[in-house]
Amino acid sequence: KCALSATFLEQLLHMEELDEDELNQAILSFVKKRKVSAMRKDAAAKRRFRQRKSWSAFQSNLTDRQFRKMFRMSRECFQLLCNRIEENVGDAQFKSE
């Protein structure tokens, strides 16, 4: 399944002057690059894209203790802070979700 590219074949024509070891090294290098390229292409095809969680879904999964540790305030205090920010900058600028 390893088809040689036209540019590689052109480079091979210029390598006629090289000895066998150098030629083998060049071919090995090309094959390694193709293998890495195929592996990356495969990984990209298998990549899963995830939908970003909404704030309500994220914070509902946290316990009160985890929330306090992460944000250094209680949920109620955090909600008051969000309300104050929203009052000052407007709901168009401050997106709670």
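The text that follows walks through the structure, step by step, so that each part is easy to find. (Residues numbered from 1 in each chain as written. Predicted model: local features only at pLDDT ≥ 70, side-chain atom pairs only at ≥ 80, totals over all residues. Heavy atoms only, no water.)

### Section: unusual backbone geometry
Next, step 1: The residue R72 is not glycine, and still its phi comes out positive at about 60°.
Next, step 2: By secondary structure assignment, the location of R72 is in the loop between α4 (64-71) and α5 (75-89).
Next, step 3: The exposure class assigned to R72 is exposed, which follows from its relative accessible area of 74%. (Helix = DSSP H or I, 4+ residues; strand = E, 2+ residues; numbered from the N terminus. Buried < 20%, exposed > 50% of the residue type's maximum accessible area, 1.4 Å probe, protein only.)

### Considering the nonpolar core
The nonpolar side chains of a soluble globular protein tend to be buried, and buried together.
Next, step 1: The biggest cluster of nonpolar side chains holds six residues, and these are L62, F67, M73, F78, C82 and F94.
Next, step 2: Contacts of F67, omitting those with residues within four sequence positions, involve W55, Q59, L62, R72, M73, S74, R75 and F78. (Core = buried A, V, L, I, M, F, W, Y, C linked by side-chain atoms within 4.5 Å. Contact = heavy atoms within 4.5 Å.)

### Comments concerning the packing of aromatic side chains
Next, step 1: Taken as a whole, this structure holds seven aromatic pairs when the rule is applied.
Next, step 2: Ring centres of F67 and F78 lie 5.5 Å apart, and the angle between their planes is 85°; this geometry places the pair in the edge-to-face category. Placement of F67 in helix α4 and of F78 in helix α5 is noted, with a sequence separation of 11 residues between them.
Next, step 3: For F78, a relative accessible area of 17% gives the class buried.
Next, step 4: Where F71 meets F78, the ring centres are 5.1 Å apart and the plane angle is 45°; that geometry is what we call tilted.
Next, step 5: Using a relative accessible area of 22% as the deciding quantity, one classes F71 as partly exposed.
Next, step 6: Chaining the aromatic ring pairs together yields one cluster made of W55, F58, F67, F71 and F78. (Phe/Tyr/Trp six-rings, centres within 6.5 Å; stacked < 30°, edge-to-face > 60°.)

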